[in-house]
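A look at the structure
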Amino acid sequence: MARLILNCEGVGLIMRELGGDFVTIGRAPSNQIVVDHPSVSAQHAVLLRTGISYSLKDLNSTNGTQINGDCVTDAELKDGDSIRFGSVTAIFAGVYRKRCSSHGIRKFWRRISTSGSPKSIAFGIALGLSHLEPPVG
């Protein structure tokens, strides 16, 4: 199942599974994914499932939506895409992914141990690697 991992100030990382064909995102409590931040509009964006993929549509939000640093109004999402709702960042973890090799896991841990970036950490959580210990040496 696809997931959205949000990095919310003062709250930390929040992971939401995308179960429906239509997922609304915004500050208002009526949204399926509520992002309580002043830079996020009441009805900010919607995720639409089409087959095995998701697309994102900005709902004319005040502060806009970006995917991988580019302002968008409508775009198909790919596994690992970085999304910004106003000033709140998120990572999209798609439906299908290859099984991680031990080499890939070691490479991932080296990357986050040197950068420690929230994006790298969130992506590791999305991949289901949070239970693994970093390799020694």
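Source: prediction; values computed, not measured.

Right, let's talk about the pattern of salt bridges for a bit. Considering all chains together, one arrives at one salt bridge under this definition. A salt bridge links Asp21 to Arg49; the nearest nitrogen and oxygen atoms lie 2.6 Å apart. Of the two residues, Asp21 sits in the loop between strand 2 (12–17) and strand 3 (22–26) while Arg49 sits in strand 5 (residues 45–50), which places them 28 residues apart along the sequence.

Before going further, it helps to spend a moment on unusual backbone geometry. The phi dihedral of Asn60 is positive, around 55°, even though this residue is not glycine. Along the chain, the position of Asn60 falls in the loop between strand 6 (53–58) and strand 7 (65–67). We classify Asn60 as exposed; its relative accessible area is 75%. Unusually for a residue other than glycine, Asn68 sits at a positive phi of about 50°. Here Asn68 falls in the partly exposed class, since its relative accessible area comes to 43%.

What follows concerns the sheet that holds strand 7. Across the sheet, which stays open at both edges, the six strands sit in the order 2-1-11-10-7-8 with antiparallel pairing between neighbours. Two strands close off the open sheet at either side, each with one partner strand: strand 2 and strand 8 (70–72). Strand-to-strand twist in this sheet, taken as the mean axis angle between neighbours without regard to direction, amounts to 30°. Of the pairings in the sheet, the one linking strand 1 (residues 3–8) to strand 2 comprises six bridges and is antiparallel in character. From the neighbouring strand, Leu6 faces strand 2, where its bridge partner is Ile14.

Criteria and thresholds
What you see as residue numbers is a count from 1 along each chain, following the sequence as written. In keeping with the predicted nature of the model, local features appear solely for residues at pLDDT of at least 70, side-chain atom pairs appear and are counted solely at 80 or more, and the whole-chain, interface and lining totals rest on all residues. Hydrogens and waters are ignored; side-chain quantities use all the structure's heavy atoms. Any Lys or Arg side-chain nitrogen found within 4 Å of a carboxyl oxygen on Asp or Glu counts as a salt bridge. Labels follow the DSSP assignment, with helices taken as runs of H or I lasting at least four residues and strands as runs of E lasting at least two, numbered in each case from the N terminus. The buried label goes to any residue with under 20% of its type's maximum accessible area, the exposed label to any with over 50%, and the partly exposed label to all in between, with areas taken from a 1.4 Å probe on protein chains only. In this analysis, strands are considered paired if DSSP registers two or more bridges between them. Here an angle of 0 to 180 degrees is reported between the N-to-C directions of two axes, which are lines fitted to C-alpha atoms, with helices fitted over the stretch in contact.

Keep in mind that these numbers describe shape and distance, not what the molecule does.
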